[in-house]
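# Report on the structure
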Amino acid sequence: MTPVSENPLLEASFLQRLQRLQLLVRRPLPGQWKGEHRSPKRGYSVEFADFREYSPGDDLRYVDWKAYGRLDRLYLKQYVEEEDVYVLLLVDCSRSMRFGQPTKLLFALQVAAAIGHIALCRFHRVGAGLIADGKVTWMRPVRGKQSLIPLLRFLGSPPDARSTVLAESARQVANGWKHRGAVYLLTDLMDEHWQDALRTLLARRHELTLIHTLSPQELRPDLMGDLLLVDSETGETREVSLSASALSLYQRALQQLRDDASALCGHFGGNYLLADTSQPLETFVLREMRMRGVLA
Amino acid sequence: MRFLAAWNLLWFLPVGGAILALYILRLRRRRVEVPAVLLWTQVLQDFQANVPWQRLRKHWLLVLQLLAALLLVLAVAQPYTRAWMYSGEAHVLVLDGSASMLATDVSPNRFEQAKALAREYLQKMPPGDQAAIVLAGARPRVLCGLTVNRSELFRALKSARPAETGTNIAESLALAAAILTPFAAPTIEVFTDGGFAEPRDVDTGRARLQYHTVGSWAENAGVVAIDLREDQNAPGRFDLFAVIHHNSEREQRYTVELWRDNNLADAQEITVPPKSEAPVLFRQLIPTDHPEELRVRLDTRDALACDNTAYVVLHPVRPLKVLLVSKGNLFLETALSLDPRTSVEKRTSPPSAAESGRYDVVVYDNIEPASPPAGHAVLIGVIPQWLPVVPLQTVENSMVVDWHHTHPVMRYVDLASVRLSKATPVLPQAGTETLAEASEGAVMVSLQKPDKRWLLITFDVTTTDLPLRVAFPVMMLNALRWLTAPSESAERGLIPAGGLAVIPVPGEREKVTVRLPDGKTAEVSVQDGAAPFEDTLQTGFYRCPETGYLFAVNLAQREETELAVHSYTSQTGTGASAGLRKVLARREWWQWLAGILLAVLALEWMMYHRRW
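Here the structure is a predicted model, which is why all the values come from computation and not from measurement.

### A few points about the overall build of chain B
- Tallying secondary structure elements over chain B gives twelve helices and 34 strands in all.
- Buried positions account for 38% of the 612 residues belonging to chain B.
- Excluding contacts between residues fewer than 6 apart, the proportion of contacts in chain B whose partners are at least 24 apart in sequence is 69%.

Structure (structure tokens):
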């Protein structure tokens, strides 16, 4: 475990500003305890959901007596249940995430901590997984504001990793995280099989929010001339002679990747966000994530 | 195809080998670590998918570079072919570079128009013909020798500049004819305004002479003569005489200004009759203690500017110290003492060299100096052996039959029928000038060296009737002035533009500088105490800062001021019938190869940077 930063991941003042926010989770998700989010279960909130026929033993306070007067049959009024949400923060800790200034990994961990803090403030259950070399290091779900410290400590010490192997990691998540909930995946998608990974996660009917974390060097590469490109994860090399036309081809490929990822997420009801690590964290969390309907 | 330097083809082996070696060693690429090569792999795939022959890209560059090397080596080997070409024709373009060509009656001036005509002529000249360019000024100058290289000719033509001098067309044509001597049917093309007398007696040999006339008539006035003389009635004061000429068909009034050291000193209004000239006189100018620059300026704006001002130097008048070495000669003493500025000392024995150095002039009257005088001297009645003259037999009852009327010593002097009861005529040698001669030989001789002048009178003046004539004191006064004046022509500012100026340089200097009227300086080598300077192509004052010597150069030529335009008829040369000859000539191809080489290099550069 290597600390990614000497300083705490999030400033106290920023944490305070985050308390006013809440996660926007669109689909009803089952929770464990009473909470603030709509559950697929029927319960006893103020929001009407449906009628069902009375069964002996039902609480007579919820019998719709007006309906009984008209129809001469006993119907029970059902209300929407509001529960907490299982929030899973998945951060890609591969070597490729250690690029940029600040590094993409630090930026991703800070965003994950911010989301975790917002979730804990709303009494959701927050778990975390750090993906490295095809393995996932777990943090069991915690609840309540007091759990912020363990969460920050967990996120503050990501494992040293070389490769991602995103698809394998996704399988482990699918098998290891049984709770259907909101999953926030922070990765640069620098994996050949990233689509398999996303499909695996989406197949579990999680509400997936993909935060595609890229550095300015990847978004707008300042490379020109005859170069030997070395892959930081695999050590693989490519001889390229870069010119303006080659760079425009790169931009086209990058845009294609973003479009594909966005389309896949959208198809399964997920969210896609591009995180440019050159922008301040506050701007991304307080403006970008709110504009894109991830936070409210 | 043959090669002039075929062994240069061997250079292809090391050059081509070096290119191949560079390809074998491969390009050293900069190592850059990136998060992942995933996206770059896709770029490369696209790259290769778009250009099927991408893999050949490097080979194309190699091929182009080898081709460039081959072309370079071929060009260095100077390939040539032999072909039948019309040749044998040679042309000399004589460009009139005189002052009248500066006239602005045509835009921008006549000289530029002449250059344009000459350029056009060169462009139309058949390929293979040779041409040379001669600039005709006061002295003809070859701007470009005979060549077939057009660019060299155009360059020479572009660099041609006219001078504020007259035209020596005869010498220019003679030079052109000399250049064309080896050719059978050459032509001389003269580009001029025709502002000179037609040179009828110039033999241009086989060359056909053709005139191309530029310019039109334009009204012009100028100072065509200037002179500075001491006022006979007021010794020590000078009269400035100038002649204004114009070509107008109407009577014109002009204001003539006299400027002394850049200060307007006087001005006169004069009326010049149609197509004529009028004198103007500024009287009794008092010299100052330093050589003074006098300008006579005609206040007018006309087609030619450089003839509107004339220049002359007014030297300070200083008292003369004369030593008369004589046993007694009343006539001579009286004649020498006539000028109040002259102080005469007498003695009977010849002075030593150191003593004679204290005097401006030493007059030896029938007493032979012990050694050649160090300074200016008049030798009367003695003929020392070291003089470059050969004494002839002494004659009696002879008579002066001729004298040099225009020499400064003989100005206003009439020696007609001067009787010589006894005289020893001499035979002048090189370096001397005869001033007067009897029927038997020279009796008065002048000798001029850079730092001193001597006057030899071979007879005893007391044995002649010369002292009884008015001519004697006038001649002695003239002699004193001539002996002490630095240079007659320079003193009066009458060095013609383009003429030779001799700058006296005392001491042991090897070089002196001359500041030209336009402010530029020129270095002149000193020979025998004098610096001959012939770059007098501008009118105005020239100064030698090292010695303080100042002289003036004037155009002062009526032909140039006249701005006449004459169209002379062409002359058919004796070789004109020969026409063009068909010869087997060598045609070199290296220029074409060099051009293709540049194109190949440009293509290689584009391919390298486009990265198709």
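### Points about the overall build of chain A
- Along chain A, the regular secondary structure elements total nine helices and ten strands.
- Taken over 296 residues, chain A has a buried fraction of 40%.
- A separation threshold of at least 6 residues defines the contact pool for chain A, and within that pool the share at least 24 residues apart is 76%.

### Some points on the sheet that holds strand β10 (residues 271-276) of chain A
Residue and element names in this part refer to chain A.
- Across the sheet, which stays open at both edges, the six strands sit in the order β5-β4-β3-β6-β7-β10 with mixed pairing between neighbours. Bordering the open sheet on either side are β5 (135-143) and β10, each of which pairs with just one other strand. Taking the axes of each pair of neighbouring strands and ignoring which way they run, one obtains an average angle of 15° across the sheet.
- Contacting β7 (207-214) and β10, helix α8 (residues 244-267) runs over the sheet at an angle of about 145° to β10.

### A closer look at the sheet that holds strand β9 (residues 221-230) of chain B
Residue and element names in this part refer to chain B.
- With respect to topology, three strands assemble into an open sheet ordered β9-β10-β13, the strand pairing being antiparallel. Two strands lie at the open edges of the sheet, namely β9 and β13 (277-285), each paired on one side alone. This sheet shows a mean twist of 15° between the axes of neighbouring strands, independent of strand direction.
- Taken together, the seven bridges between strand β10 (residues 238-246) and β13 define a ladder with antiparallel strand orientation. For Ile244, the partnering residue across the bridge sits in β13 and is Ala278.

### Focus on the nonpolar core
- Counting residues in each nonpolar core, the largest one holds 87 residues, and the members touching the most others are Val94, Leu95, Val134, Ala176 and Val312 of chain B.
- In terms of nonpolar packing, the next biggest core, distinct from the first, is built from 80 residues, Leu89, Met97 and Leu229 of chain A together with Leu38 of chain B among them.

### Let's talk about the interface of chain B and chain A
- Opposite the 20 residues of chain B that make contact, chain A presents 29 residues.
- Taken together, the elements giving at least two residues each to the side of chain B that touches chain A come down to β2 (30-34) and α2 (38-50) of chain B.
- If one sorts the elements of the side of chain B that touches chain A by residue count, α2 of chain B sits on top with nine residues.
- Within the side of chain B that touches chain A, the residues separate by chemical class into twelve nonpolar, two polar and six charged.

### Points about the environment of Trp7 of chain B
- By secondary structure assignment, the location of Trp7 of chain B is in the loop between β1 (2-3) and α1 (12-25).
- Separated by 66 residues in the primary sequence, Trp7 of chain B and Val73 of chain B place their C-alpha atoms 9.9 Å from one another.

### Things to note about the environment of Cys306 of chain B
Residues and elements named next belong to chain B.
- Its location among the elements puts Cys306 in the loop between β14 (292-298) and β15 (309-314).
- For the pair Cys306 and Leu102, spaced 204 residues apart in the sequence, the C-alpha separation amounts to 8.4 Å.
- In contact with Cys306, other than residues within four places in its own chain, are Ala99, Leu102, Glu164, Thr539 and Leu555.

### What about the pairing of strand β26 (residues 452-457) of chain B?
Residue and element names in this part refer to chain B.
- By the criterion of burial, β26 is predominantly enclosed, with five of the six residues buried.
- Summarising the sheet, strand β19 (residues 376-380) and β26 pair through four bridges and their orientation is parallel. When the bridges of β26 are listed, Val378 appears paired with Leu455.
- Relative to β26, strand β25 (residues 442-449) is paired through six bridges, and the arrangement is antiparallel. If you follow Lys449 over to β26, its bridge partner there is Lys452.

### What to know about the confidence of the model for chain A
All names here are of chain A.
- Here chain A averages 83 in pLDDT, while 90% of its residues score no lower than 70.
- The element-level mean pLDDT for chain A is lowest in strand β1 (residues 34-53), coming to 68, with helix α3 (residues 104-121) highest at 91.
- Across residues 1-6, where pLDDT falls below 50, the model places 14 contacts with residues more than four positions away in sequence or in other chains.

Rules behind the numbers
Residues numbered from 1 in each chain as written. Chains lettered and ligands numbered in written order. Predicted model: local features only at pLDDT ≥ 70, side-chain atom pairs only at ≥ 80, totals over all residues. Helix = DSSP H or I, 4+ residues; strand = E, 2+ residues; numbered from the N terminus. Buried ≥ 20, exposed ≤ 12 C-beta atoms within 10 Å, placed from the backbone. Contact = placed C-beta atoms within 7 Å. Pairing = 2+ DSSP bridges. Axes fitted to C-alpha atoms, helices over the stretch in contact; angles between N-to-C directions. Core = buried A, V, L, I, M, F, W, Y, C linked by C-beta atoms within 7 Å. Nonpolar A, V, L, I, M, F, W, Y, C, P; charged D, E, K, R; others polar. pLDDT = per-residue confidence, 0-100.

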